[in-house]
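# Fold and contact review
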Amino acid sequence: MQAMLGTQAGNELIWTAVNRSDPNVRDLYFGLGLFCAYRADDIKARNILVGLTGAAGMKRKAVAAAFGVNRCLVPRYARQIREEGSERLMRDGRGRPGKITAEIEGYVRVEFRKLYSKSRRDFTRALIGKVRAKYGV
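Below is a short write-up of the structure. (Residues numbered from 1 in each chain as written. Predicted model: local features only at pLDDT ≥ 70, side-chain atom pairs only at ≥ 80, totals over all residues. Heavy atoms only, no water.)

### Overview of the nonpolar core
Short version of the rule: In this description, a nonpolar core means a group of buried Ala, Val, Leu, Ile, Met, Phe, Trp, Tyr and Cys residues linked to one another through side-chain atoms lying within 4.5 Å. For each residue, the accessible area found with a 1.4 Å probe, counting protein chains only, is set against the maximum for its type, and the residue is called buried under 20%, exposed over 50%, and partly exposed in between. Secondary structure elements follow DSSP: runs of H or I no shorter than four residues count as helices, runs of E no shorter than two count as strands, and numbering proceeds from the N terminus. Any two residues whose heavy atoms approach within 4.5 Å are treated as being in contact.
Core analysis: the biggest nonpolar cluster contains 18 residues, and I14, V50, V63, F67, V69 and V74 have the highest contact counts within it. At the level of elements, helix 2 (43-55), helix 3 (60-67) and helix 4 (73-84) are the ones that each hand at least two residues to this core. Ranked by the residues each element gives to this core, the list is headed by helix 3, at 5 residues. Here F67 is in contact with I14, T16, L28, Y38, R46, L49, V50 and T53, once residues within four sequence places are set aside.

Put into structure tokens, the structure is as follows:
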């Protein structure tokens, strides 16, 4: 009965397979039982499942092999699930928050055309100076 419900810790049997009726869906199996299904192109759903299975204490090697992700991502996603919830994985948190707003982007486009048409030398430095002076970023 244990093999149908799942496997013991340290000997995880977790795997994904292409759904028979819809090739764009992946079925996630734990042991011999179907655990859930997710769309293959839905990276955020996959990352949440990686985090949940990693937070459940499964070996990162088994989780990484099942989902086709780098095994260093398993503890990262698991930690984010435990500390901040699934909302953290829904937003892309790589790097620092961007400073460019739509207003700044529009201003850069206009100023770029002006500066680049005048001189192609040091237009980047001049453009950065204008943005810093006007917006303080």
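### Side note on a nonpolar patch on the surface
Note the cut-off: Each patch is built from salt-bridge-free residues with over 30% relative accessible area, joining like charges within 9 Å and nonpolar side chains (Val, Leu, Ile, Met, Phe, Trp, Tyr) within 5 Å. Per-residue and other accessible areas follow the Shrake-Rupley method at a 1.4 Å probe size, with only the shown protein chains counted as cover for residues. Within this document, salt bridges are pairs made up of a side-chain nitrogen of Lys or Arg and a carboxyl oxygen of Asp or Glu, the two lying within 4 Å of each other.
Together, L13, W15 and L32 make up an exposed nonpolar region whose accessible area comes to about 280 Å². Inspection of the secondary structure assignment puts L13 in the loop between helix 1 (2-5) and strand 1 (14-18).

### Observations regarding the packing of aromatic side chains
How we decide: Note on aromatic pairs: the rings of Phe, Tyr and Trp (six-membered ring only in Trp) are paired at centre separations within 6.5 Å, and the planes decide the class, stacked below 30 degrees, edge-to-face beyond 60, tilted for the rest.
One pass over the full model with this rule turns up 6 aromatic pairs. Measuring from ring centre to ring centre gives 6.1 Å for Y38 and F67, while their planes differ by 40°; the resulting arrangement is tilted. Here Y38, found in strand 3 (residues 33-39), pairs with F67, found in helix 3; they are 29 residues apart in sequence, far enough to count as distant. Neither residue differs from the other here; Y38 and F67 are each classed as buried.

### Description of the pairing of strand 3
Operational definition: The rule for pairing is simple: two strands pair if DSSP sees at least two bridges between them.
Pairing between strand 2 (residues 25-30) and strand 3: 6 bridges, direction antiparallel. Bridging from a neighbouring strand, R26 pairs with Y38 of strand 3. With antiparallel pairing between neighbouring strands as the criterion, strand 2 and strand 3 make up a hairpin whose turn holds 2 residues, including G31 at a positive phi of roughly 70°.

### A look at unusual backbone geometry
Its identity is not glycine, yet D122 carries a phi of approximately 55°, on the positive side. Position of D122 relative to the elements: it lies in the loop between helix 6 (102-118) and helix 7 (123-135).

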